[in-house]
Every structure is written in structure tokens, then in C-alpha cells.
Amino acid sequence: MADGDGAYRSFRQNTRERLLHEMLRSAKSTKSASPWKVLIMDELTVKVMSSSCKMADITDEGVSLVEDLNRRRQPLPALDAVYFIQPSRESVKKFVSDMSGKSPLYKKAYVYFSSTLPRDLLKAIKEDRALMSRISALREVNLEYLAIDMQGFVTDNDRALQQLFGEQKELDFVLDTVARRLTTVFASFREFPYIRYRAARSAAANSTAATTNSDLLPTKLAACVWDRLMKYKSSLPDFPQNETCDLLILDRAVDPIAPVIHEWTYEAMCHDLLSLEGSKYTYEITTSSGKREQKEVLLEEHDPIWVELRDLHIAEASVKLDEKMKMFANKNKAAEIKLGGSGQNMTTRDMQKVVQALPQYRDQIEKLSLHIDIATALNSKIRTHCLSDVAELEQNLVYGDASSKELINFLSTTENISADCKLRLLMIYAATHPEKLDESKKQQWMKLARLSDGDMAAVSNLEYLGLSVSKKQSGGFALKFSKNKNLYRKERNQDEEEWKHSRFTPLLQELVEDMEKGKLSLEDYPYVKGPSEGTSGKSSSTGSSRLPTAPPQSMRTSKPGSTWASRPRASDDGYSSDSVLKSALSDPKMITGKRIFVFVVGGITHSELRAAHKLSSQLKREVVLGSTCIDDPHQFVAKVKTLNDMDIMDF
């Protein structure tokens, strides 16, 4: 989306602008005895704020103190307070308690609700005259999502997979919560989408399966979102009256392979193979005194090298880092002299020595050193755990080039394969070879792979995602598939050479491409309300509202099984980012079409987020990917293991 000065702003940037300018700055600009304010948030809204804004951003807008709504707070009667809270009864009750009575905690209150405030709660607030006299602003900002990327968001429903595909004790409540948070995206951006969703598989003409609740999740969510959008259409000022974008609603069952197959791009491998805590990476550095100590960094978009490398194949990322080191040494002669060479064999420790001797290069060198350390760690993991062999078998299973014979041989003869890799191979085999697992076969696979009953639950529980894993005489929980014996993926036609182990593409990418071309099946992916003949769905009008809203050797291949090969692509210098994504999202001419939103119930993967980046530059439309959460393979497998025995807690 381009703003008034023509600069293109990504999804996350727009979210940040709304939080800082429409909310905090509007409170800052009002007349007040003190230029400083207190910001009060609850458990959800503090995540919303921190996902898009840094503490320095908040302080720049006049906030001197950030407080938790749910904790006892010290009275500050000389300061005004900004409340950014959910419109729940509990939050409203705490706010009223803060600002009522003879001794309110704060002088004035600027209240911003993250979604629509129920009418009865609004009425109760307005009927309290003393309270109203202390309220300087009362608005709905419609922000109940967490921006995780330039083009990604989650609704912070981390347990949705278990709650919606497992025991389903509170299915309707959870779905309604997800729908409410998802629709605040469209309220926030004033977008009104055409909604398409994955239809229940039992609705297919040749299906004999009974419809299950989990099979209906996209259908139900689409209906909930539509109902809420209709309310926005009649209540929010400037909300479009005609469709302005596209929304495709899917669930994790659409592609159960993407969360477990080994992805070979930089960001996905970091989350799969390294011990990250969220986006925090810990590594060792050598201090100026020669001591080794731990350092923590966040792998986020403020690091241009991270933005440049994150969607690249690990081999290409390694080549690019090598180029950057050489270019840095060649352009910075002082660094080259200090190293006593050309810089071609510069190690992480060498670069740290340069930092100590030439502190003016600290920022550039530290970032390069960080990513060299990461790439080295990743390549070490690849060699140690034979991941190249694992990945080749995984993709052969997906595309029908391998079966149980090859899998048995691999598990019997290959050493140094972790239990995690074995389990993921079995999950991929089960997903592509339905109805192959009976109790006898289960025990055989367990013994061969040396896995536990708990591990094998991850294979069996793929049934909850609609896959027919076990052999069945008749009926059964899992959905019946067509007469095809196996569920192989079709090989995609590649327009250019691909890196080794890059055959697999998340199904999400293919669905969006088909939707853009008008080839997406209307039977399998129907509209809630389709385009009417002769309308473009691009116009908008206004309405009214109740409340204001405010490395190994470089390698590459064009055929599976051959070695990787390098593709040199030099940057303009040894430090700045030249990623296609960054170029696309900073040049408004690159993004010419309306937005495409894709929402996946049950979690997304880093490979799917990468697909959204690629699709944006490919289609010249910003593709925004959302979900209930984002999982690495280990998190997903752990969740699937518990689908059959989850004691679903209150949401």
C-alpha cells in the first residue's frame, strides 16, 4: 500500500503506523499538563504492540511508563493514561475500577479497544458521568493480530491445532475468537475481501465420507468472517462497500507435508536446526580481552543481511556471504592490511579481530560475523545428520520416486539419522501412501526406526488432519479418498534451474497461483459470495459507526540428485541488502494489483511465509499470509502427537 508521499509500506509497516500515529500520537497531540503518559495494555495487546513497535518508538510518542492492566499499579494522578485493551468484560471492569471513584489512578484516560466493544459495555461506560468526564478518547482501533513479518501475521491462537482438530470441546468459541481477530485485519486496513475457502472434502461429488467438524473448519470460519465483515460494512466509516481484495481460507489439513519436510532456505533452516527462542539466536564471540562469551541477537527485519538471505537456499546464502566477506576486505583496505591478506579465507574469528582493531567497522563486521556463524552451524548440522540424504528421500516420497522399499533400506543402512528425521520421514510416507498402517505394520516401523509409541502417535494422528493412515474395513474416522492408490504430488514445471532439494513447493503457493490465473476449482474452493457479473469489486464508499475507530561447497542443480552449483550475484557492496523482496516492497511500481490474503487455520510454516514473499514479486500483488500461529517442524510434530489425548484447557 502506497501512502500519500508515494512510498510503499508493507503490511507490518502499516500496522506500526496505525499503532504509533493513530493511537499514541493522537493522545500525545491533545492538551495536557504533562507531555508524558502511561501506556496500559493487557496480555494480548502487549503482544500486538511489541510485534510491530520497539520500546524506543513508544517512548518517542510520549510514553514514559508501560503497565500491565492485570497487575496492581501505583496511582499517578498527575499523568494521563493510554489504555490499549481488549473489549472484554474483565478488561473493561479493570479500566472502570482504575478511573472511577474519588481517587482515580490517572488524570485522564485515552481508551482504545482492540476490537468492537459490545453495546452493553459501551452503554455502561457512557452512563457513568463521573467516568466519562475523565475519558478524553474512546475508540475502536481494530488491531488484534500480531505482525510476524513484512507480509505475515498470526492471531495468537497457538493451540488452535489441538483445539480445532483434537477433542474440539470449545470449537465454536475458538473459531469465533479466530474470526474476530482475523477480521480486525480488514477493519484496520479498510479492505473488504472476496472470500474463498476450502470446501469440505465430503462435499465432493465422488465422496462417500461423512462430514466431520474438522473438515468444516474453513467453511465455518468463512461464514463467521463474512458475518463480521457485514457488520463492519454498515458501521465503520470509510469501510469499502464493494470488494477490494481476495481472501483464501485454508486449514492445516490442506498440506500436512509442508510442516514436516526439511526446507532448505536460510530462515526455515534456522528455525528447524538451531535452538532459537522465537527469533532470538545465541552464539559465542571473543571479547577484546580474549574471553569467550555468549551473545544474543534477534533475527529480524532490522538486519538487512537477514532480509537478504532468509529466503535463499542455504548454498546460495553461503555463496553470498563469501562474496560479502571478499568485497568488504577489498573495499576496506585497512581491514585487508590488518588481516594480512586478501580476505578470501576470512573466518569469524578473523572478523572479530578486525572489529577490535578497527571499531569503525563494528556494525558491518558484527552482522557479517553473525551470519557466517549461523551458516557454519547450519552446514555442520547438514553434514552431521546426513540431511542431504534425508531430504532426497523425503522429496522422492512426495513425488512418487520412492516407496516403502527405499524407506526401509534407508532406515536399515543409514547411520547418524536422528529420531526426529526418522519420524518425519514416516509422517511423509503416511501422508503420501494412505491406508498402509495397521497395528502389525506400526510395530514393524517402530522397531526398524527405533521409535517409541509416543513418537508413532504423530504418524497415527495424521488421521485428525483428514488423512487415511490406518487400514480400514469400512467407515472410520478418516476421510475416504478417491480411487488413487497413492497421493503423490505432481512435479512442477520449473522456469529456471533449481537448487538441490528445492523440488518441494508448499501447496499454498500453487493454490494462490491458480487463483490468480482463474484456475482454482470453484467446487473445491467456493466463494462465500462471488463476483457479480459486470462488477470489478474495486470501488468503495463510507458508512457510520457507534464508536470512532481509529557453507559446504557451492552446489546447484536442474535435476534431482545432482550436485548444487553456484549462481554468483554480487551486491552493490559487502553489506547492504539487494533482496528481490525488499526491492518489490519499496517500489510502488512493483506492486500494482490488489492484495491477496491467505489464512491457514492450525498454523503456517516458514516455507509458506517464503512462498508469500515470492508470490508478491511474481504476481505484483502483496500476498499477506496469516494463521493462528507459526510453527517450526518440531513444534508441529509435538502438537500432532497430542491430538488424540489433549485435555483442552479454557481458551
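Since we're looking at a predicted model, the values are computed, not measured.

What to know about the sheet that holds strand 13 (residues 623-627)
Thinking step 1. The strand order 6-7-13-12-9-8 describes an open sheet built from six strands, whose pairing is mixed. The sheet is open, and its two edges are formed by strand 6 (146-149) and strand 8 (193-197), each paired on a single side. On average, adjacent strands in this sheet sit at an angle of 25° to one another, irrespective of strand direction.
Thinking step 2. Pairing of strand 6 with strand 7 (residues 152-154), which is carried by three bridges, proceeds in the antiparallel orientation. Each bridged residue has a counterpart across the sheet, and for Ala 147 the counterpart in strand 7 is Phe 153.
Thinking step 3. Along the sheet face, helix 1 (residues 11-28) touches strand 6, strand 7, strand 12 (596-601) and strand 13 and points at about 145° away from the line of strand 6.

A look at the side chain of Thr 155
Thinking step 1. If you trace the backbone, Thr 155 turns up in the loop between strand 7 and helix 7 (160-165).
Thinking step 2. By relative accessible area, Thr 155 is classed as buried at 0%.
Thinking step 3. A polar contact of 2.5 Å, which involves the side chain of Thr 155, links it to the side chain of Asn 157.
Thinking step 4. The residues touching Thr 155, leaving out its near neighbours within four places in the chain, are Val 178, Arg 181, Leu 182, Phe 599, Ser 627 and Thr 628.

Things to note about the confidence of the model for the protein
Low pLDDT means the predicted atomic positions in that stretch should not be read closely.
Thinking step 1. In this model, the protein carries a mean pLDDT of 83, and residues with pLDDT of at least 70 account for 78%.
Thinking step 2. Within the model, pLDDT remains below 50 along residues 474-484, and this stretch shows 24 contacts once partners closer than five positions in the same chain are excluded.
Thinking step 3. Of the regions scoring below 50 in pLDDT, residues 551-584 engages in 98 contacts with residues more than four places distant in sequence or in other chains.

Some words on the side chain of Ser 114
Thinking step 1. Structurally, the position occupied by Ser 114 is in the loop between strand 4 (109-113) and helix 5 (119-127).
Thinking step 2. Using a relative accessible area of 0% as the deciding quantity, one classes Ser 114 as buried.
Thinking step 3. When near neighbours in sequence (up to four residues on either side) are disregarded, Ser 114 contacts Thr 45, Phe 84, Ile 85, Gln 86, Pro 87, Val 141, Asn 142, Leu 143, Glu 144 and Thr 184.

Criteria and cut-off values
- Residues numbered from 1 in each chain as written.
- Predicted model: local features only at pLDDT ≥ 70, side-chain atom pairs only at ≥ 80, totals over all residues.
- Heavy atoms only, no water.
- Pairing = 2+ DSSP bridges.
- Helix = DSSP H or I, 4+ residues; strand = E, 2+ residues; numbered from the N terminus.
- Axes fitted to C-alpha atoms, helices over the stretch in contact; angles between N-to-C directions.
- Contact = heavy atoms within 4.5 Å.
- Buried < 20%, exposed > 50% of the residue type's maximum accessible area, 1.4 Å probe, protein only.
- Polar contact = N/O pair within 3.5 Å; in protein donor to acceptor, adjacent residues only side chain to side chain.
- pLDDT = per-residue confidence, 0-100.

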